[in-house]
Amino acid sequence: MISACTAGMATATQSGGSARQSAGGSGAATISPVFVTDMQWFPNTQAKGSQSGAAEMYAAGGTDGIFPQAGRVEKIVEAHKGAVLALKWNYEGSALVSAGEDGNLKIWSKTGMLRSGLVQNGYPIYAVSWSPDNDSILYTNGRNLVIKPIQPSNKPVMWKAHDGVILAVDWNMSSNLIISGGEDCRYRVWDSFGRMIYLSMPHDHPITSLAWNPAGEMFAVGLFNTLRVCDKLGWSNAVEKPECGSIFSIAWTPDGTQIACQESPYSATYNKELYPTLTRRLEWKNYEVTLLDDRRVRVYEVINGSVENLEFRDRIVKTSLAFGHLIVATSAQCYVYSDKNWNTPVIIDMTNNGRVICIKQCPDYFLFVDIAAGIQVFSYEGRLICSPKYPGLRPEFITAQSISLSNDTLAIRHRANDRCKALSVNVWSNPSSVIYVFDVNSGRLIGDGSPIKLQADAVEIALNQVIGPSGCRQLAVVDKNREMFITPIIKPELKKIGE
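The rules behind these values
- Residues numbered from 1 in each chain as written.
- Predicted model: local features only at pLDDT ≥ 70, side-chain atom pairs only at ≥ 80, totals over all residues.
- Heavy atoms only, no water.
- Pairing = 2+ DSSP bridges.
- Helix = DSSP H or I, 4+ residues; strand = E, 2+ residues; numbered from the N terminus.
- Axes fitted to C-alpha atoms, helices over the stretch in contact; angles between N-to-C directions.
- Buried < 20%, exposed > 50% of the residue type's maximum accessible area, 1.4 Å probe, protein only.
- Contact = heavy atoms within 4.5 Å.
- Polar contact = N/O pair within 3.5 Å; in protein donor to acceptor, adjacent residues only side chain to side chain.
- Core = buried A, V, L, I, M, F, W, Y, C linked by side-chain atoms within 4.5 Å.
- Disulfide = S-S within 2.5 Å.
- Salt bridge = Lys/Arg side-chain N within 4 Å of Asp/Glu carboxyl O.
- Patch = residues over 30% accessible without salt bridge, like charges linked within 9 Å, V, L, I, M, F, W, Y side chains within 5 Å.
- Areas by Shrake-Rupley, 256 points an atom, 1.4 Å probe, with all protein chains shown as cover.
- pLDDT = per-residue confidence, 0-100.

This brings us to the sheet that holds strand E39 (residues 403-405). Sheet architecture is open: four strands sit in the order E39-E40-E41-E42, paired in antiparallel fashion. Whereas interior strands pair on both sides, the edge strands pair on one side only; in this sheet they are E39 and strand E42 (452-454). This sheet shows a mean twist of 15° between the axes of neighbouring strands, independent of strand direction. Where strand E41 (residues 433-439) and E42 come together, three bridges link them in antiparallel fashion. By the bridge assignment for E42, Ile435 is matched with Ile452.

The side chains of a regular strand alternate between both faces of the sheet. Burial runs high along strand E31 (residues 316-322): seven of the seven residues are buried. Pairing between E31 and strand E32 (residues 325-330): six bridges, direction antiparallel. Bridging across to E32, Ala322 finds its partner in His325. Counting the residues between successive antiparallel strands, the hairpin from E31 to E32 contains two residues, one of them, Phe323, with a positive phi of roughly 50°.

Quick look at the environment of Trp130 now. Positionally, Trp130 belongs in strand E12 (residues 128-130). Under the relative-accessibility criterion, Trp130 is labelled buried at 2%. Each residue touching Trp130, except ones within four places of it in the same chain, is listed here: Lys88, Trp89, Asn90, Tyr91, Ala95, Leu96, Val97, Ile107, Ser136, Ile137, Ile150 and Trp171. Within the structure, Trp130 has its side chain in polar contact with the backbone oxygen of Lys88 (distance 3.0 Å).

The next point concerns the nonpolar core. Among the nonpolar cores identified, the biggest contains 22 residues, and Val369, Ile375, Val377, Ile403, Leu410 and Ile412 are the most heavily contacted of them. In contact with Ile412, not counting residues within four places along its chain, are Ile375, Tyr390, Ile398, Ser402, Ile403, Val434, Ile435, Tyr436, Phe438 and Ile461. Counting residues in hydrophobic clusters, the runner-up holds 17 residues, among them Leu291, Leu310, Ile316 and Leu321.

Below, the discussion takes up the state of the cysteines. Counted by the stated rule, this structure contains zero disulfides. Cys244 takes part in no disulfide bond, and the closest cysteine sulfur, belonging to Cys261, lies 6.9 Å away. Since its relative accessible area comes to 15%, Cys244 is described here as buried.

A word on the environment of Ala211. By the secondary structure assignment, Ala211 is in strand E20 (residues 209-212). Of the residues examined, Ala211 reaches a relative accessible area of 7% and is grouped as buried. A C-alpha to C-alpha distance of 8.6 Å links Ala211 and Trp171, two positions 40 residues apart in sequence. The residues touching Ala211, leaving out its near neighbours within four places in the chain, are Asp170, Ile179, Phe219, Ala220, Ile250 and Trp252.

Moving on, we come to the pairing of strand E8 (residues 84-89). Buried residues dominate E8, accounting for five of its six residues. As defined by bridge partners, E8 adjoins strand E9 (residues 95-100) across five bridges and the pair is classed as antiparallel. Opposite Lys88, over in E9, you have Val97 as the bridge partner. The turn joining E8 and E9, which pair antiparallel and follow one another in sequence, is formed by five residues; a positive phi near 75° is taken by Gly93.

Moving on: the sheet that holds E31. Spatial strand order, E31-E32-E33-E34: four strands in an open sheet with antiparallel pairing. A single partner strand is all that each edge strand has here, and the edge strands are E31 and strand E34 (341-349). Geometrically, the sheet is characterised by an average inter-axis angle of 20° between neighbouring strands, direction not taken into account. Where E32 and strand E33 (residues 333-338) come together, five bridges link them in antiparallel fashion. Residue Ala329 lies in a different strand from E33, and its bridge partner there is Cys334.

What follows concerns the pattern of salt bridges. A side chain with one charge can pair with a side chain of the opposite charge if their charged atoms come near. Counting across every chain of the model gives nine salt bridges. We note a salt bridge from Asp163 to Lys160, for which the minimum N-O separation is 3.7 Å. Assessed through its relative accessible area of 52%, Lys160 is described here as exposed. Asp408 is the salt-bridge partner of Arg473, the closest N and O atoms lying 3.0 Å from each other. Residue Arg473 is located in the loop between strand E43 (458-463) and strand E44 (474-479), and its partner Asp408 is located in the loop between E39 and strand E40 (409-415); the two are separated by 65 residues in the primary sequence. Accessibility expressed as a relative area gives 9% for Arg473, which makes it buried. When its relative accessible area of 29% is taken as the criterion, Asp408 is described as partly exposed.

Residues Ile197, Leu233 and Trp235 make up a contiguous nonpolar surface patch of about 320 Å² in total accessible area. Taking relative accessible area as the criterion, Leu233 reaches 43% and is therefore assigned partly exposed.

Per-residue pLDDT for the protein chain averages 82, and the proportion of residues at 70 or more is 81%. Per-residue pLDDT, averaged within each element of the protein chain, yields its smallest value for strand E2 (residues 11-15) (30) and its largest for strand E17 (residues 178-182) (97). With pLDDT under 50 throughout, residues 8-31 is counted as low confidence; its partners more than four residues away or in other chains account for 49 contacts. Here residues 266-276 scores under 50 on pLDDT; set against residues more than four positions off or in separate chains, the count is 30 contacts.

Next comes the structure, spelled out in C-alpha cells:
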C-alpha cells in the first residue's frame, strides 16, 4: 500500500512494528502491524509558495500498509501485491513511481490516481529513479538495469550491470550519471547510455544504499557499518565507520554538505546523526584557502607565508575564491572578503532560511543561488545588482556547470519543456535544453527574450571573461555527447569547434 501524508497534523507511535495513530479528538485508530519500506518527501517547490522551504507532504510505502510519521493520512492506495519496495517523486512533483515485490512498476498522479502500469516484471524491483528530464525511469531487474521510457513507442534500454542482485540505484539530474550497487558487494558508475565509468573494488558486505548529492559532485555509498563518500567518477574521498549495522537509506541536505542515514529497515525515523562530507581546498593565484572544519577557514599566502584564520558563528555551506575575493556562505549569512583586507568582510544576511547551493564569480560581481530566494547577483561591496527570473525556474537544480557570470552577462542552462519550446524560434525546432541570457545590470533577458536552443542537452556552459578581437561576449557550450560549441551572445549562432 502507498499513503500520501501531510506533516504535522497527527501523532504516531511504533512498538514492535505495531502502529497506532490518533488524529484530533476522535480517539485512537489501530493499524495492523506494518513496516515502512520507503518514504519520499514531496519535492521542494519553493518557487510556488512555502516561505520555510520545508516539504509538507510525503509518500510512504509499506509491507502491507503505511505508517505516517507525525502526519495525517491523505490517501491510501492498494498499489502492489506484497511489499512496496521503492517510491520516487519525479523532479516536478507531478508523478510518483512505485515498485514492488510483485515485479510491477506503476506511475501515480499527485492525488493518488493510477496513470500507468509501466512494467510487469518477473523479478522484484528493489530500486527506481527518474531520468533528469522526467521522460524515463531507471529500475532494477535482477542483475540488470533497465531504462524504461514513459512513452510506449520508445524502446527500453537494458544491460547487465552486476554479478548479483542489484539493490540500489540513483540517477543524478545535474551530472546525468547513474550509480548502482548490489549483492556482488560493488558499486558502479554509468553514463546514461549504460557505459560503465567506474567499478569499485569488492567490499565485505553488499551495497544496500546509494545517493547522489544534489549538485552531482559526489555520492554516498552505504553498507554494513560503513558510509563512504565518493566523487562523481567513483573515487573514494572519505569513509565513516558508524556502529549501526546496515545502512538502508541515505539522504543529503539540500546544500549537499551533510548526510542522514537510516540504520534499520524497521525504524520509523532516520538516524539523527549527520555526517560532514569533505574538507575543501581552494586555490587562486598565490592564495590557498582550506576549510579546517565546518566553522573555520585558513587562508595561506604562499609567497610571503602569511596565514589568516577565519572563524564563523554558523556552519559553512559553500565557498568560492576568485578575482581577489573569497566568498563564504553559511546557513545564516554570506561573507565577502577582499585579498587586501581579511579582517572586515562585507556581510549579507540570508533571507527566508534559504541555503546557498552555488556561487559564481566574475571580476566585478558574484552571484549565489539560494533555494529560497533564487538567483541573486551582488557587487563585492554587497549591493544587490539583480535577481533574474524566467518561466519554470527551479533554483534547487542549478549547479556550477549550468550557470555562468561575466561583468555584463548572465547565462543559465535550463532543460526544455513545452513552455520553453513555445518561447524560442532560434536554432533547432525540438531542443533538449535551452540557455537563458540576461543583462546583469538590469536583470532582463537580452534581445527579444528568446533563449538559445540546443539540440543535445548541455552539461556545462561558460562565458568568456575577457572580450577578444571579436569585440563581443561569447558563450561556450559542452553537450552530453562531449561536443563543444561557441556562439556570440548577440545574434546567437552555434558553431561546433571540437568534440
